[in-house]
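The chain contents come next:
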Amino acid sequence: TIEEIILRVILDSRGNETVEAEVHTDYGFGQAAAPSGASTGTYEAKVRPPREAVRDAEKHLIPSLIGEDTRDQITFDARLREIDGTPDFSSIGANVAVALSLACAKAAASSLDLELFHYLGGAFADKTPLPLGNVIGGGAHAPNATSIQEFLVVPTGASGASEGVFVNAAVHRTVKAILQKQGKLSGKGDEGAWAPAISDTEAFEIISEAIATVSDETNIEVRMGIDVAASELWDGKQYRYKDAVRTREEQVAYMADLVDRYNLIYIEDPLFEEDFEAFADLTAAVGDRCLICGDDLFVTNVERITKGVETCAANCVLIKPNQIGTLTETFEAIRLAQKSGMETVMSHRSGETTDATIAHLATAFECIFLKTGVVGGERIAKLNELIRIEELI
Ligand code: PGA
Ligand code: ZN
């Protein structure tokens, strides 16, 4: 049972304030921090300013959580929902909620002397996800760079996570070398991807070359993916790229063409967050050879995933615990997606801390990929944890 809960304000990778929670029980201890997004979906649970939210929680929330059983995660999360009383955690704040919910699970695992992935995934959790990481990016994560938010790679030929982590890093380094040779080397965006002032087409070509080089050197197949974050490009009528404007129909055709031209294995948010219909058109066209993944479309929300299942909008669901606010609802979103024949990808946010919990969640819940960047302290915290988990399996 919970003896003490501490909330504090800590730094995130963008230099902003975020919330960290500590849960202490008679035999256990858990600590977790909330990440934060820049291209957040309209339907995400609501974040509150950290200092204000912590002050309120210390007064009105924490006292009623003392004495709760950390091993009863469902009841703990239901208490958070009940005390909050809103559909989107706007009362206690989704940042406070997710930090507490994850810290509760970690305290329970610690009290049983289990790793979190074992506690949540059981004795048969025996496979780590492959790392999916961005090597070039722009959009809301870096101004003056590409229109498409993220150009991603995944080491599909890797024997496991640890091999894959180094393959992705090799692609990231090779992209740097190519950019340097072309005189286009830049700084990095919020998630550690290169953010050069180049067109989307140039980015595709550079990464194709980097992938070919690394695949040759390592004999490991690497495939490309993208996160369009299309809600950021949609102006209410059309998709506005730096160098082009596309209607809904043109956007679907453009995405389908990219799948074939660059052998894409993954497209996230190819259409804006309301357009289940155009999502379904694209999934019907290329879903047999490419994962069409909803992030802002689904926001880790069971109701929106249900709508996605009914409309055949996608074949993959992005999972971000802080979009919904509790571990229980994160699990429910994953279970619904998987039962409906969809893949799931566990994801970081653009604003992160060194918290590595999502590496455990991705393993416990059998996600196909862990999307968490390639380099940078707050990204490698997750990747290195995945290497440790793979060693334990
Ligand atoms: P965000 O972006 O964390 O800034 O929302 C990540 C994403 O769109 O996947
Ligand atoms: Zn996204």
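Here the structure is a predicted model, which is why all the values come from computation and not from measurement.

Which residues make up the sheet that holds strand β2 (residues 17–25), and what values do they have?
Read across the sheet, three strands follow the order β1-β2-β3 without closing on themselves; strand pairing throughout is antiparallel. Each of the sheet's edge strands pairs with one partner strand only, and the pair in question is β1 (2–11) and β3 (29–33). Strand-to-strand, the axes of this sheet are offset by a mean angle of 15 degrees, without reference to chain direction. Direction of pairing for β1 relative to β2: antiparallel, over a ladder of nine bridges. In the strand pairing of β2, R8 is matched with E20. Running over the sheet, helix α4 (residues 94–111) touches β1, β2 and β3 and is turned about 150 degrees from β3.

Account for the packing of helix α3 (residues 73–84) against α4, naming residues and giving values.
Running from N to C, α3 and α4 cross one another at 165 degrees; their axes reach a closest spacing of 10 Å. When the axes of α3 and α4 are compared, the pair comes out roughly antiparallel. Where α3 crosses over α4, the handedness of that crossing is right-handed. Note on element contacts: α4 touches α3 through A97, L100, S101, C104 and A105, opposite Q73, F76, D77 and L80. Class assignment for the residues of the contact of α3 with α4 results in six nonpolar, two polar and one charged.

Break down the packing of aromatic side chains for me, with residues and values.
Counting across every chain of the model gives nine aromatic pairs. Ring centres of F151 and F204 lie 5.0 Å apart, and the angle between their planes is 80 degrees; on these two criteria the pair is classed as edge-to-face. In this pair, F151 is assigned in strand β5 (residues 150–154) and F204 in helix α7 (residues 200–218), connecting sequence segments 53 residues apart. For the pair F151 and F204, one class covers both residues: buried.

Can you tell me about the coordination of the zinc ion (ligand 2), naming the residues and giving the values?
In the first shell of the zinc ion (ligand 2), the protein supplies D227 (OD), E268 (OE) and D295 (OD), at 1.9 to 2.2 Å from the metal. When the donor residues of the zinc ion (ligand 2) are listed from N- to C-terminus, their spacing reads D-x40-E-x26-D. Placement of D227 in strand β6 (residues 223–227) and of E268 in strand β9 (residues 266–268) is noted, with a sequence separation of 41 residues between them. Accessibility assignment for this pair places D227 and E268 in one class, buried.

Tell me about the pattern of salt bridges, and name the residues and values.
Tallied over the full model, the rule gives 24 salt bridges. Linking E150 and K371 is a salt bridge whose minimum nitrogen-to-oxygen distance equals 2.9 Å. Here K371 lies in strand β13 (residues 369–371) and E150 lies in strand β5, a separation of 221 residues in the sequence. Owing to a relative accessible area of 3%, K371 belongs among the buried residues under this scheme.

Quick rundown of the site of ligand 1? Include the residues and the values.
Neighbouring residues of ligand 1: 15 residues in total, closest A38, S39, H141, R349 and S350. S39 has a polar backbone atom sitting 3.0 Å from an oxygen atom of ligand 1. Contacts to ligand 1 include K320, whose side-chain N or O atom sits 3.1 Å from an oxygen atom. Protein chains bury 100% of the 280 Å² of accessible surface belonging to ligand 1 in isolation. Using a 2 Å cut-off from the grid points, one finds that ligand 1 occupies the second largest cavity. For the shell around ligand 1, the per-class residue count stands at one nonpolar, six polar and eight charged.

With reference to specific residues and values, describe the UniProt feature "binding site: substrate" (unreviewed entry) in the chain.
Those residues carrying the UniProt feature "binding site: substrate" (unreviewed entry) are H141, E150, E268, D295, S347, H348, R349, S350 and K371 in this numbering. Lining the largest cavity, from this annotated set, are S347, H348 and R349. We classify H141 as buried; its relative accessible area is 9%. In this fold, S350 is placed in the loop between β12 (343–347) and α13 (357–364). Given the relative accessible area of 2%, S350 is considered buried. Discounting chain neighbours no more than four positions away, the residues touching S350 are S13, R14, S36, G37, A38, H141, D190, E191 and R379. Polar side-chain contacts of S350 include one of 3.2 Å to the backbone nitrogen of A38.

An account of the sheet that holds β5 is needed here, citing residue identities and associated values.
In space, the eight strands of this closed barrel follow the order β4-β5-β6-β9-β10-β11-β12-β13, with mixed pairing throughout. Going across the sheet, the axis of each strand differs from the next one's by a mean of 30 degrees, ignoring polarity. Both strand β4 (residues 130–137) and β5 contribute to a ladder of four bridges, which runs antiparallel. Within β5, the position partnered with G133 by the bridge is V153.

Tell me about a negative patch on the surface, and please be specific about residues and values.
On the surface, E249, E250, E277 and D281 cluster together into a patch of negative charge. Mapped by element, the contributors of at least two residues to the negative patch are α8 (248–262) and α9 (276–286). Relative to the assigned elements, E250 resides in helix α8.

What counts as what
- As a convention, each chain's residues are numbered from 1 in the sequence order in which they are written.
- By the order in which they are written, chains take letters starting at A while ligands take numbers starting at 1.
- For this predicted model, a pLDDT threshold of at least 70 governs which residues receive local features, and a threshold of 80 or more governs which side-chain atom pairs are given and counted, while totals over whole chains, interfaces and linings are taken from all residues.
- Side-chain metrics in this entry use all non-hydrogen atoms of the structure; hydrogen atoms and water are not considered.
- Strands pair, by our definition, only if DSSP identifies at least two bridges between them.
- Numbering of helices and strands starts at the N terminus; helices are DSSP runs of H or I of at least 4 residues and strands are runs of E of at least 2.
- Axis lines are fitted to C-alpha atoms, over the contacting stretch for helices. Their N-to-C directions set the angle, which ranges from 0 to 180 degrees.
- Any two residues whose heavy atoms approach within 4.5 Å at even a single point are treated as in contact.
- Any angle that is under 35 degrees is reported as roughly parallel, and any over 145 degrees as roughly antiparallel; angles of 65 to 115 degrees are reported as roughly perpendicular and all others as oblique.
- Handedness of a crossing is defined here by the sense of rotation of the near helix relative to the far one, left-handed for an anticlockwise turn of less than a right angle and right-handed for a clockwise turn.
- Residue polarity is assigned by list, with Asp, Glu, Lys and Arg as charged and Ala, Val, Leu, Ile, Met, Phe, Trp, Tyr, Cys and Pro as nonpolar; anything else, Gly included, falls into the polar class.
- To pair, rings of Phe, Tyr and Trp, with the six-membered ring standing in for Trp, must have centres within 6.5 Å; the planes then decide the type, stacked if under 30 degrees apart, edge-to-face if over 60, and tilted in the middle.
- Burial status follows relative accessibility: with a 1.4 Å probe on protein chains alone, a residue under 20% of its type maximum counts as buried, one over 50% as exposed, and anything between as partly exposed.
- Donor criterion used throughout: N, O or S atom within 2.8 Å of the metal, extended to 3.2 Å for Na, K and Ca. Water excluded; incomplete-looking sites may result.
- By definition, a salt bridge exists where a carboxyl oxygen of Asp or Glu is found within 4 Å of a side-chain nitrogen of Lys or Arg.
- Only heavy atoms are used to decide nearness, and a residue is near a molecule or strand if one of them lies within 4 Å of it.
- Polar contacts, as counted here, are pairs of nitrogen or oxygen atoms within 3.5 Å of one another; within protein the pair requires one atom able to donate a hydrogen and one able to accept it, and residues that are adjacent in sequence qualify only if both atoms are side-chain atoms.
- Under the convention used here, a 1.4 Å probe and the Shrake-Rupley method define accessible areas, while residue burial counts only the protein chains that appear.
- Cavity and pocket criteria rest on a 1 Å grid covering protein atoms alone: a 1.4 Å probe that fits but cannot get out defines a cavity, protein on both sides within 12 Å along at least 5 of 7 lines defines an open pocket, and an atom within 4 Å of a point defines a lining residue.
- Placement in a cavity or pocket follows one criterion, namely that more than half of the molecule's atoms lie within 2 Å of its grid points.
- UniProt positions are given in the numbering used here, feature names are shortened, and annotations may be inferred rather than shown by experiment.
- Like-charged residues within 9 Å of one another, or nonpolar side chains (Val, Leu, Ile, Met, Phe, Trp, Tyr) within 5 Å, are grouped into patches, provided each residue has over 30% relative accessible area and no salt bridge.
- Only four residue types enter the charge count, namely Lys and Arg as positive and Asp and Glu as negative; His and the chain termini do not.
- Here the site of a charge means NZ on Lys, CZ on Arg, CG on Asp, or CD on Glu.

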